[in-house]
Amino acid sequence: MIVNFAERAHNHNWELDPVVRSLLDTDFYKLLMLQFIWKHFPKTRVCFSLFNRTSSVRLAEKLSSADILKQLDHVRRQRFRKSELVWLAGNTFYGRRGIFEPAFLEWLENDFKLSDYTLSERDGQFHLSFDGYWTDTTMWEIYALSILGELRTRASLKRLREFELDILYAQSKTKLWKKIDCLQGVPALSVADFGTRRRHSFLWQEYVVKAMASNLGSGFVGTSNAFLAHKHDLEAIGTNAHEIPMVLAALADDNDAVKASQYQVLKLWEQTYEGALRIMLPDTFGTTQFLTSAPDWTADWTGQRMDSKNPYIAGDEYIAWLKERGRDPHDKVIIASDALDYEEIIGLHAYFGGEIKSGVTPQDFHGASDFHDPKKWTPGRRIRFSAGWGTLLTNDFRDCDPQRSTEFEPISLICKASEADGRPTVKLSDNYAKALGPDSEVERYRRVFGIAGLSNAPLVA
């Protein structure tokens, strides 16, 4: 069914149109991490807090707190459905059946609950936090981001007439098609949807995912959204995120334990999933220091996700590190996931997937034909490359508003662990602009981990 977005937005008159239709409407890695937390840290208390890094957008002046409360309360009343639990129990994820333990699924069905929350307004921004056991707070991250993001979309849609709404979506569909068309036929392409947390809306994400699946064939490898993977029989993509190393570092009792915790996370994760799902995320406290001090066994992991470092630099750094450790990079994988759009996906695919000829740059690749030009490129990968395409896949409405406003441009809204058992959490990132935590703690962590390889880069979303 093709959704008439303009008509739906124009005729919206129902009391509650839920943003989150199912507890499965979340990133798949949140479920994997929830099982990890349930198994190892059931009594750890963690507070999650919402931050709007795009401070120029004053959300509290645009959205109704009453509308947010209705959506949050709706999510708290939700329960996992039988069909969803059967899917989690019986489906094959990453080539393995039974990745979710029966006892965990029973707990999800009977005992899982979301914590309470507090919502206030200050200086034009909402202050939203979730405090409780880690098992009760962690899932709020994606639900909260989806709610705030889609309510912002709905507020912007209300000011447009029906014809203008039609133009808005016609132009965004045209933009989406241009992106898909450029990716069609690119050899050995591997792209996944990572766009749940900052999507334009649930229905738009579903539309985008179906368009990608229909037009890219094997080049579209799946979606991070568990609900859409379940509904449309797609591969669910995702392993873990910064949250776990942030919390374990906060729980550590001294600086040596803080630095060691980034490897303790991997050891515990490896034990939990019996050697599966071994994708490292080394940039929580800086990728360069992580690789320099990493135990040798980490080089046996499948690959790494490059989140906040220039992906060309991060990929080369990982390849060189693997060779130094005596491992063949050819069958390892790197996943880029930060602020990607189709041009960079194509360029990175060319750079890591073959030999770019002298005088040619990754920016000279614009579509499949460039990969079939022997004067530009010959296949022969240095490492497997995959792209996790997020905000600029599911929320690229830039320059689509017929009123020429910027209200549909994506913003950098995040919801992160801010405390663990009363101690502040910290994220350094490879990008100084993404650092999180109290200033004094950020400085302490920089003394512990160092600042090698860190740089400043603009925040897209």
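I will try to describe carefully the structure that is included in this document. (Residues numbered from 1 in each chain as written. Predicted model: local features only at pLDDT ≥ 70, side-chain atom pairs only at ≥ 80, totals over all residues. Heavy atoms only, no water.)

Observations regarding the overall build of the chain
Counting its secondary structure elements, the chain contains 18 helices and 15 strands. A globule of 461 residues ought to have a C-alpha radius of gyration of about 23 Å, and the chain, at 22 Å, matches this closely. With respect to the principal axes defined by its C-alpha atoms, the chain has extents near 60 × 55 × 45 Å. Considering the chain, the positive charge centre built from 57 side chains and the negative charge centre built from 62 side chains are found 1 Å apart. (Helix = DSSP H or I, 4+ residues; strand = E, 2+ residues; numbered from the N terminus. Rg over C-alpha atoms; globule rule 2.2 N^0.38 Å. Lys, Arg positive; Asp, Glu negative; His and termini not counted. Charge placed at Lys NZ, Arg CZ, Asp CG, Glu CD.)

Description of empty space enclosed by the protein
Following the criterion strictly, the structure yields five cavities of 30 Å³ or more and no others. What the largest cavity holds in volume is close to 170 Å³. Lining the largest cavity are 17 residues, and of these Gly149, Arg152, Arg199, Asn395 and Ile411 lie nearest its centre. Counting residues per element, the lining of the largest cavity draws most heavily on helix H7 (residues 140-157), at six residues. Taken together, the residues that form the lining of the largest cavity break down as seven nonpolar, five polar and five charged. (1 Å grid on protein atoms, 1.4 Å probe; cavity = no way out; pocket = protein on both sides within 12 Å on 5 of 7 lines; lining within 4 Å. Points joined across faces, edges and corners; volume = space filled by probe spheres on them. Nonpolar A, V, L, I, M, F, W, Y, C, P; charged D, E, K, R; others polar.)

Observations concerning the state of the cysteines
Evaluated as defined, the whole model comprises zero disulfides. In this structure Cys47 is not part of a disulfide, and its nearest cysteine sulfur, from Cys415, lies 8.9 Å away. (Disulfide = S-S within 2.5 Å.)

Re the sheet that holds strand E7 (residues 220-223)
The strand order across the open sheet formed by six strands is E7-E6-E13-E10-E9-E8, and the pairing between neighbours is parallel. Strand pairing shows two members of the sheet lacking a second neighbour, E7 and strand E8 (279-280), which therefore form its edges. Sheet topology places strand E6 (residues 191-193) next to strand E13 (residues 384-389); three bridges connect them, and they run parallel. By the bridge assignment, Asp193 is partnered in E13 with Trp389. (Pairing = 2+ DSSP bridges.)

Structural notes on the sheet that holds strand E15 (residues 423-424)
With respect to topology, five strands assemble into an open sheet ordered E4-E5-E1-E14-E15, the strand pairing being antiparallel. Because the sheet does not close on itself, it has two edges, and the strands there are strand E4 (118-122) and E15. As judged from the five bridges shared by E4 and strand E5 (residues 125-133), these two strands associate in the antiparallel manner. Note on E5: the bridge partner recorded for Ser120 is His127. Against the sheet, helix H11 (residues 243-251) contacts strand E1 (45-52), strand E14 (413-420) and E15, and its axis sits at roughly 25° relative to E14. (Contact = heavy atoms within 4.5 Å. Axes fitted to C-alpha atoms, helices over the stretch in contact; angles between N-to-C directions.)

With respect to the pattern of salt bridges
Counted under the stated rule, the structure contains 39 salt bridges. Residues Arg154 and Asp17 are paired through a salt bridge, measuring 3.4 Å at the closest nitrogen-oxygen approach. Remark: Asp17 occurs in the loop between helix H1 (5-10) and helix H2 (28-40) and Arg154 occurs in helix H7; sequence separation between them is 137 residues. A salt bridge links Glu317 to Lys309; the shortest N-O distance between them is 2.8 Å. Judged by its relative accessible area of 11%, Lys309 falls in the buried class. One network of salt bridges, with partners in common, ties together Asp27, Lys30, Glu141, Arg197 and Glu243. (Salt bridge = Lys/Arg side-chain N within 4 Å of Asp/Glu carboxyl O. Buried < 20%, exposed > 50% of the residue type's maximum accessible area, 1.4 Å probe, protein only.)

Some remarks on the environment of Glu270
As for its position among the elements, Glu270 is in helix H12 (residues 255-272). A sequence separation of 31 residues divides Glu270 from Trp301, and the C-alpha atoms of the two residues are 9.2 Å apart. Discounting chain neighbours no more than four positions away, the residues touching Glu270 are Gly275, Arg278, Trp297 and Trp301.

What about the packing of aromatic side chains?
Summed over the entire model, instances satisfying the criterion amount to 37 aromatic pairs. Taking 5.1 Å as the distance between ring centres and 85° as the angle between the ring planes, the aromatic pair formed by Trp87 and Phe93 counts as edge-to-face. Here the two residues Trp87 and Phe93 agree in accessibility, since each one is buried. Ring geometry for Phe285 and Tyr445: centres 5.6 Å apart, planes at 45°, overall tilted. Of the two residues, Phe285 is situated in the loop between E8 and helix H13 (287-293) and Tyr445 in helix H18 (residues 439-449); the sequence distance between them amounts to 160 residues. Pair check on accessibility: Phe285 and Tyr445 agree, each one buried. The rings of Phe28, Trp38, Phe80, Trp87, Phe93, Phe100, Phe104, Trp107 and Phe112 are connected pair by pair, giving a single aromatic cluster. Its guanidinium or amino end placed over the ring of Tyr133, Lys43 lies 4.9 Å from that ring's centre, counting from NZ or CZ. It is Lys267 that lies over the ring of Trp297; its NZ or CZ is 4.1 Å from the centre. (Phe/Tyr/Trp six-rings, centres within 6.5 Å; stacked < 30°, edge-to-face > 60°. Lys NZ or Arg CZ within 6 Å of the ring centre and 35° of its normal.)

What about the side chain of Arg305?
With respect to the helices, strands and loops of the structure, Arg305 is situated in strand E9 (residues 303-306). Of the polar contacts made by the side chain of Arg305, one reaches the side chain of Asp307; its length is 3.3 Å. (Polar contact = N/O pair within 3.5 Å; in protein donor to acceptor, adjacent residues only side chain to side chain.)

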